[in-house]
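Listed below, chain by chain, are the residues.
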Amino acid sequence: MSTATTTSGEAAAAPTLRSPLVSWLAVTSVMMGIFAIVTTEILPIGLLTSIGSSFTISDGMAGLMMTMPGFLAAISAPVVTVATARIDRRVMLGAFILLLALANFLTAAASSYWMILISRVMVGITIGGFWSIGAGLAGRLVPAEQVGRATSVIFSAVPLGSVLGVPLGTFIGDIAGWRTTFLVMGVFTIAVFVMLLLVVPALPAVQATRLNVLSGMFRSINTRFALVLTFLIVLAHFGTYTYVTPFLEQVTQVSSGLITVYLLIYGVAGIVGNFLGGSAVTRYPRATFAAAAAMIASVTLLLPVLGRWDLGAVVLLVVWGIAYGAVPVCSQTWFAKANPDSPEASSVVFTASFQATFSIGALTGGIVIDHSSPSTVMTVGGCAAVLMVFVAWFHHARKIPFPESPCGVPGMDTAEAPRSKELRSARCLR
């Protein structure tokens, strides 16, 4: 993900003079923290039927494991960011990672499904807090000329969670049981906590994000469009992908071991989509976002037909992975372009809206699958994605411009940016 999300205050606070190795280890530790969060959040997708059978619940009820974190993340993102605005950011990152480790251990030891839901509440709080803070730290960890690359490294954790986290967790679950998967994740999260303490420097707060800044963002028509677009595409994706395992089992009739391979293929395609989307969205924000939605719409509408065969399912999962890999970077970039002077606030609104819709999508898909079939879930999700394409076209048809960033980073199209590094630096310093 190539969009810089540091606040102006944080950008002003240049990183202390440290060796390049330690600086990049700090970036890596934040990336690993987001990787642990993303993996823990979406891990139930690969273990949905196993967990459901352990507690004798339906697939729709098991889908609450995906719903709970998103709702809590949507609430905690603005609340935690504002409430902890003056606390050292390293302290907050460490606290959230410890909470995530506790949630994983609680899931592994859960004697009832309600204990799992409690642990998912803890996951949601972690997502909202860590993501909103960690997304904007690249500018305080590395020199200014390396911020873009560092931000890309941090957000590479999103597709890596699908490529490595979920397939590996599903594989461990198939061999040793789903509880072992969450136990391993808890141990891994503790290791991330230790790494954060060792390599991330003290990061005292330099600028507070206030509620009036967050509320003021909604006066921008581009922010309102970003909310609608994000709602529709995330609803379409998570309303369907949350239940891809039941679909593959019941419609494609794939074995549990082969599902892990299918999810791995999807995840690899997601990495490709992340970098393709990141390279295109700054210059073509509308077209890139609409293209990703059109691909998801095509896949989910065709799966009930072509997904009955292994080859058809695999090909469509590859296209799906490429398409969704571009969605987070497209959504965040759109929010950043809509409010180039308030990047941290943009990150908070992006996180809150994305996670809230994540939950609504999983909940909606659960209701549909409990009253119908996995194929119907795919069709309903496809219709939402088609609607998102029309909304993006409407934004283009009205010729609504994006505001120009004072530094030529998140709010400015590539074609509009100053061509020389000297000019860009001069504009940023003014």
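All values derive from a computational prediction rather than experimental measurement.

(A) A look at a nonpolar patch on the surface. Together, Leu98, Phe105, Leu183, Val187, Ile190, Val194 and Leu198 line one region of the surface with nonpolar side chains, adding up to about 600 Å² of accessible area. Secondary structure elements with two or more residues in the nonpolar patch: α6 (89–109) and α11 (178–199). Sort the elements by how many residues they give to the nonpolar patch and α11 lands first, with 5 residues. For Phe105, the location among the structural elements is in helix α6. Judged by its relative accessible area of 30%, Phe105 is partly exposed.

(B) Looking closely at the nonpolar core. Formed by 123 residues in total, the largest nonpolar core has its most connected members in Phe130, Ile233 and Trp320. Sorting elements by how many residues they give to this core places helix α17 (residues 310–338) first, with 12 residues. If sequence neighbours within four positions are ignored, Phe130 has contacts with Val30, Gly33, Ile34, Ile37, Leu93, Phe96, Ile97, Ala135 and Leu196.

(C) Representation of the environment of Met66 in the model. Within the secondary structure layout, Met66 lies in helix α5 (residues 64–83). By relative accessible area, Met66 is classed as buried at 0%. Remark: the alpha-carbon pair of Met66 and Pro44, spanning 22 residues in sequence, is separated by 7.1 Å.

(D) Expanded view of the environment of Ile265. Counting through the fold element by element, Ile265 comes out in helix α15 (residues 256–281). When the C-alpha atoms of Ile265 and Leu317 are compared, they prove to be 7.5 Å apart, with 52 residues separating the residues in sequence.

(E) Structural context of the packing of aromatic side chains. Overall, the coordinates contain 12 aromatic pairs when judged by the stated rule. For the ring pair Phe55 and Tyr113, a centre distance of 6.2 Å and an interplane angle of 45° mean the geometry is tilted. Of this pair, Phe55 sits in the loop between α3 (44–54) and α4 (59–62) while Tyr113 sits in helix α7 (residues 113–134), and the two are 58 residues apart along the sequence. Both residues of the pair, Phe55 and Tyr113, count as buried. An aromatic cluster is defined as three or more aromatic residues linked by ring pairs; in this entry it consists of Phe55, Tyr113, Trp178 and Phe182.

(F) Expanded view of α5. Between its terminal C-alpha atoms α5 stretches 28 Å, which fits the 28 Å expected from 20 residues at 1.5 Å a residue. In α5, a bend of some 35° at Ser76 exceeds every other bend along the element, and Pro78, a proline, comes one to four places later. Within the sequence span of α5, burial applies to Met65, Met66, Thr67, Pro69, Gly70, Ala73, Ala74, Ser76, Ala77, Pro78, Val80 and Thr81.

Conventions we followed
- Residues numbered from 1 in each chain as written.
- Predicted model: local features only at pLDDT ≥ 70, side-chain atom pairs only at ≥ 80, totals over all residues.
- Heavy atoms only, no water.
- Patch = residues over 30% accessible without salt bridge, like charges linked within 9 Å, V, L, I, M, F, W, Y side chains within 5 Å.
- Areas by Shrake-Rupley, 256 points an atom, 1.4 Å probe, with all protein chains shown as cover.
- Salt bridge = Lys/Arg side-chain N within 4 Å of Asp/Glu carboxyl O.
- Helix = DSSP H or I, 4+ residues; strand = E, 2+ residues; numbered from the N terminus.
- Buried < 20%, exposed > 50% of the residue type's maximum accessible area, 1.4 Å probe, protein only.
- Core = buried A, V, L, I, M, F, W, Y, C linked by side-chain atoms within 4.5 Å.
- Contact = heavy atoms within 4.5 Å.
- Phe/Tyr/Trp six-rings, centres within 6.5 Å; stacked < 30°, edge-to-face > 60°.
- Expected span 1.5 Å × (residues − 1).
- Bend = angle between axes of the 7 residues up to and from the residue.

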